Every structure is written in structure tokens, then in C-alpha cells.
Amino acid sequence: MSKSILSRLCLIGIGALLIAPGSRAAAADAPYYEGKTLRILVSSGTGGGTDTAARLVSRFIGKYIAGNPRVLVQNMPGGAGTIANNYFFSEVKPDGLTILQDSSSGVANFVRGGATVKYDPRKNRTIGGIARSGSLLLIRNDARERLTNRGAKPVVVGDSDGIRSWVAMTVWAAEYLGWNLRWIYGYPGSRELQLAIRQGEIDMWATANVKLVKDLQREGVVQVVLAEDERRREDFSDVPSFIETLGAKKPTGLPWEAFIGWAGSPELDKFLVAPAGTPDHLVNSLREAFAKVMKDPEVDKEGDKFFGDGWKPLAAERVDDLIRLETSVSKEAKDFIRKLRQKYGLPVGEKKP
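Notes on the structure in this doc start here. Everything quoted here is computed from the prediction, not taken from an experiment. (Residues numbered from 1 in each chain as written. Predicted model: local features only at pLDDT ≥ 70, side-chain atom pairs only at ≥ 80, totals over all residues. Heavy atoms only, no water.)

Here's the deal with helix α2 (residues 49–58)
Short version of the rule: Only protein chains enter the area calculation, which uses a 1.4 Å probe; residues under 20% of their type maximum are buried, those over 50% are exposed, and those in between are partly exposed. Counting from the N terminus, the helices are DSSP H or I runs at least four residues long and the strands are E runs at least two residues long.
Judged by how many residues are buried, α2 sits mostly within the fold: nine of 10 residues are covered. Within α2, the full set of buried residues consists of G49, T50, D51, T52, A53, A54, L56, V57 and S58.

This is the structure in C-alpha cells:
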């Protein structure tokens, strides 16, 4: 090999040694999410409140995370969130690249128990949540007079799985107010349920989607029977709360503990979580980004369209408190819930061994 070629190779080698440390430092300084995709797994089908919350966040959160990852939404419906929760709990890596958009139904399923529940919502790492005003219970105008007439054809309550938190109101109304109800479930999601009540396939349904409620009212299809909230709402001031509707017939003691165990707090609504074991710096990054999304004026405007004026963001700590509260239901209250579900033909989870 000639001296000139050897000299050039030496110079190239020395240059590579000089450049390499800087390149490695630049790579080390690059944001974790740069060039990556953040997947938001949704525990329900498309078109409902859980899906809407996920898609609202997905449009904005990428710009508030260092590295600006691409954001992908994937729906995994089934079992009122059980399928998505089971998959998330057992299969998803704690690398901050997949987070779960869940709802209170996932927590209710855990409380209900059964062999199909393979997850524990208390072990996830919460990012933040959205609390809407409670659900509004709707009834078709042509079914209203049958509601308290036990001799008439029952008012048909429609739901996706028969275990949603608002369904508790109808069960307690049947038990303590004598409402004439029959439950059917199995609808894929909110889109199919709103079509069913429009067509008269079902007579009663509940939703927290204020825009949809007002659309149905304008169409002359439904009236609002009651609100899930603890007191009357400003936007539906003529609608009584559930507690107001119960009045002197509101039960106390174990029956009311059981109701709270099923219905939970309206404040625990939609929330985002990362898997257990996700490193603190990634969780903090996602929490900070979520908080910034919630302060974005465009998000506030879009949220009002779908959720109404009463919606609000929840910090991770508040969501954790609510989950702990709702998962501390006594065995006696769970047994009471099981008995009422059996009585009214609603699904009952298998007892845990």
C-alpha cells in the first residue's frame, strides 16, 4: 500500500473518531418520542364518549410531547372494556408507546369481578382524565305513560352490555319506584343505540352526549327523565336529579352502598393510563402533555361541542383517588348488586374464588 493511500486512510479514521462522539451525543440528546408512534388504545367502539375523548386528545397531544410523535388511535371494543383492559394489562410493554383510553365501565367490571376479568385498574399509571356531567336518562315520548303502569307493556331499556354505570339508576328505579322496565343489551355501541331509540326498537337509554340529547329532543323523539348528577344541572334545569326523583323512597344502608358501588361517582368518567412499570420520566412527559392539551383553546371549544359546558379535566391524582374509592366496595354490597342483576335479568359476573 502506498504512503499516500495509507495517509488518507489514517485521516479518515481520525476524522471518524472525532465525529463519532458528537454523533453519539446528538443521538443521546434526541427526545425519546422523536420518530416514534404513540398508540392510544380505546376500550370501546367508535362514536361513543370514550372514543370521542381519545380522538380529541389524539389530535393535539403529539405537539405537546417532546419529539412530536405520530399518534394513532386503535379501538378494541368488547365486554364493556374488559377485552381492551385484559390485553393492555398482560400484553402491552411499559415503554410509553401505548396508552389506554378507558372509562368508568372498566373499573365497574373489575368491581363486579368474574373469571373474564384479568386486570387490575389500580396498578396502571394514570395520565389524566375527563369528567363530563352525568348521563341523562332519555325515554321516547310515546313510551312515557307506560313508565309507571305495571299493567302496560314494559318500557325497554337498551344498553351495550347491561352493566354500564347509568343502568344502576334504572334498576334502583324499578326496585324502589316501581318503574315498569325490561332490559335488553348487546348493542355494539352508542351509534347503534341512538339509532335504536330513534326507530323505537328501544324506549329508554342514557348518554352524557349533550349534543345528541338536544338533537333527539329537537326531532321530537325523546324527553329527559332525570339526570345522573347529584343536583340539578344548569343546562337542564327542568330535569330532576336521580336522588331528587327517588325522594323519600331513596334507600339507605347496604342498598345505597350497593348503588354507589355500581353507579360510582359521575366524576370518574374517561381517563388515560399507561401500563404498570412505565418509567417515571415517560409518565411525567405524558401527564405534562395531557395537561397542556386540556388548556388548549381549541380543545376547550371542541370539547364543549361533544360534552357540553360542564366537562372538565381531571389530574392523574384525582383519577387515582376515584378509582381507589370505587374499588373499595364491600363484599356485602357486591352480593346485593348480584342479586338485583339476577332479579332483573341482567348479566352477573362469576364470583371470584
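Let us keep going from here.
A short note on the environment of D280
Rules: Here a polar contact is taken to be a pair of N or O atoms separated by no more than 3.5 Å, where protein atoms must pair a possible hydrogen donor with a possible acceptor and residues adjacent in sequence count only if both atoms sit in side chains.
Among the secondary structure elements, D280 is positioned in helix α10 (residues 280–294). Sequence separation between D280 and R125 is 155 residues, and the spatial gap between their C-alpha atoms is 9.4 Å. A polar contact of 2.7 Å, which involves the side chain of D280, links it to the side chain of R125.

Quick notes on the sheet that holds strand β3 (residues 98–103)
In plain terms, the rule: Note on pairing: DSSP must find at least two bridges between two strands before they are called paired. Lines fitted to C-alpha atoms define the axes here, with helix axes fitted over just the stretch in contact, and angles between the N-to-C directions of these axes take values from 0 to 180 degrees. Contacts are assigned to residue pairs that have any heavy atoms within 4.5 Å of one another.
Spatially, six strands are ordered β2-β1-β3-β10-β4-β11 in an open sheet, and the strand pairing comes out mixed. Only two strands of the sheet have a single partner each, and these edge strands are β2 (70–75) and β11 (312–314). The mean angle between the axes of side-by-side strands here comes to 20 degrees, regardless of whether they run parallel or antiparallel. Here strand β4 (residues 125–131) pairs with strand β10 (residues 270–274) via five bridges, running antiparallel. Within β10, the position partnered with G128 by the bridge is L272. The sheet strands contacting α2 are β1 (37–42), β2, β3, β4 and β10, and the helix crosses β2 at an angle near 170 degrees. Along the sheet, helix α4 (residues 104–112) makes contact with β3 and β10, crossing β3 at roughly 80 degrees.

Describing the pairing of β10
Within β10, five of the five residues are buried, leaving the element largely enclosed by the surrounding structure. By the alternation rule, side chains of β10 split into K270, L272 and A274 and F271 and V273, which are all buried. Relative to β10, β3 runs antiparallel, the two sharing four bridges. Following the sheet pairing, D102 is matched in β10 by F271.

Structural notes on the side chain of N85
Mapped onto the elements of the fold, N85 is located in helix α3 (residues 82–91). At a separation of 3.2 Å, a polar atom in the side chain of N85 contacts the side chain of D102. Those residues in contact with N85 that sit more than four places away from it in its chain are S43, L100, D102, G106 and Y119.

Quick notes on the environment of F242
Mapped onto the elements, F242 comes out in helix α8 (residues 242–246). Judged by its relative accessible area of 2%, F242 falls in the buried class. Counting along the chain gives 16 residues from F242 to L226, while the straight-line C-alpha distance between them is 5.8 Å. Leave out the neighbours within four places in its chain, and F242 touches M169, W172, A173, L226, A227, D229, W256 and F259.

Side note on the pattern of salt bridges
For clarity, the threshold we go by: For salt bridges, the criterion is a side-chain nitrogen of Lys or Arg within 4 Å of an Asp or Glu carboxyl oxygen.
Using the criterion set out here, one finds 23 salt bridges in the structure. Notably, a salt bridge pairs D296 with K63, separated by 3.3 Å at the nearest N-O pair. Of this pair, D296 sits in the loop between α10 and α11 (297–307) while K63 sits in the loop between α2 and β2, and the two are 233 residues apart along the sequence. Ionic pairing is found between R132 and D269, a salt bridge with its closest N-O pair at 2.6 Å. Placement of R132 in the loop between β4 and β5 (136–140) and of D269 in the loop between α9 (254–263) and β10 is noted, with a sequence separation of 137 residues between them. By sharing partners, the salt bridges in this structure join R59, E298, E302 and K305 into a single network.

Let's talk about the environment of L282
Its location among the elements puts L282 in helix α10. Separated by 187 residues in the primary sequence, L282 and D95 place their C-alpha atoms 7.9 Å from one another.

Quick notes on unusual backbone geometry
With phi around 45 degrees, N68 is a residue other than glycine that occupies positive phi space. With respect to the helices, strands and loops of the structure, N68 is situated in the loop between α2 and β2. Even without being glycine, A80 reaches a positive phi, approximately 55 degrees. Tracing the backbone shows A80 in the loop between β2 and α3.

Taken by themselves, the reported measurements are silent on function.
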